[in-house]
Amino acid sequence: MTEPTPSHEAEADFDPTASSLAGHIDPAVMAELLAMRSSIDNIDATLVYLLAERFKATQRVGFLKAQHQLPPGDPGREAAQIARLRALAESAHLDPAFAEKFLNFIISEVIRHHQAISDSHTEALRTGATPVVKSAPLADSTLDGGGSQWR
Ligand SMILES: O=C(O)C(=O)C[C@]1(C(=O)O)C=C[C@@H](O)C=C1
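Residues numbered from 1 in each chain as written. Predicted model: local features only at pLDDT ≥ 70, side-chain atom pairs only at ≥ 80, totals over all residues.

## Describing the UniProt feature "domain: Chorismate mutase" (unreviewed entry) in the chain
Part 1 of the argument: Those places that UniProt annotates as "domain: Chorismate mutase" (unreviewed entry) correspond, in this numbering, to residues 27–118.
Part 2 of the argument: Along residues 27–118, the helical share is 88% and the strand share 0%, with 55 Å between the first and last C-alpha atoms. (UniProt positions renumbered as here; feature names shortened; annotations may be inferred. Helix = DSSP H or I, 4+ residues; strand = E, 2+ residues; numbered from the N terminus.)

## Digging into the packing of helix α3 (residues 75–91) against helix α4 (residues 96–127)
Part 1 of the argument: Packing of α3 against α4 brings their axes to within 8 Å, and their N-to-C directions diverge by 145°. Taken as a pair, α3 and α4 cross one another with a handedness that is right-handed. Within the contact between the two elements, α3 uses E78, Q81, I82, L85, R86, A89 and E90 and α4 uses P96, A99, E100, L103 and I107.
Part 2 of the argument: Each residue belonging to the contact of α3 with α4 can be placed in one class, and the counts come to 7 nonpolar, 1 polar and 4 charged. (Axes fitted to C-alpha atoms, helices over the stretch in contact; angles between N-to-C directions. Left-handed = near helix turned anticlockwise from the far one by under 90°. Contact = placed C-beta atoms within 7 Å. Nonpolar A, V, L, I, M, F, W, Y, C, P; charged D, E, K, R; others polar.)

## Some words on the site of the ligand
Part 1 of the argument: Neighbouring residues of the ligand: T58, V61, G73, D74, R77, E78, Q81, I107, V110, I111 and H114.
Part 2 of the argument: The dominant element in the shell around the ligand, judged by the number of residues it contributes, is α4, at 4 residues.
Part 3 of the argument: Here the shell around the ligand is built from residues that sort into 4 nonpolar, 4 polar and 3 charged. (Near = placed C-beta within 6 Å.)

## Some words on the environment of S118
Part 1 of the argument: Tracing the backbone through its elements, the reader meets S118 in helix α4.
Part 2 of the argument: Along the sequence, S118 and H68 sit 50 residues apart, while their C-alpha atoms lie 9.8 Å from each other.
Part 3 of the argument: Those residues in contact with S118 that lie beyond four places of it in its chain are K65, A66 and P72.

In structure tokens:
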């Protein structure tokens, strides 16, 4: 298996001018397009950082739920989140259906992670191992054996 490329290398290798359009369009149009893409690149980087923070937070929820034998999903909470985000999307001129689909996509991944945490917690209890319960900030935590939540 190949090692993942460290993010600083991937970032250094990233060519913000990469395009299949190069040489096919007016250079002035290309310059305008690249200026717009520069904002898109900043937004995409922010999205990655935001999602990483969200998953750190939900991982803590996953451990809490596993520790107290709570179900991974909470449909009542989800309904409230969806109604709120749909309204926010509307006022932000974003398609509410897209906002809902996006949230559902993220939540389904979170639930998969919660289930994996719960499974490894149950397995640890069954085998007499000490279940890994994270209550400390996750920045310095490592994922133990079960670690399948990051598949
Ligand atoms: O708040 C929770 O209980 C979570 O597990 C987090 C979260 C979410 O990602 O926002 C995920 C699953 C639940 O169905 C509801 C919300």
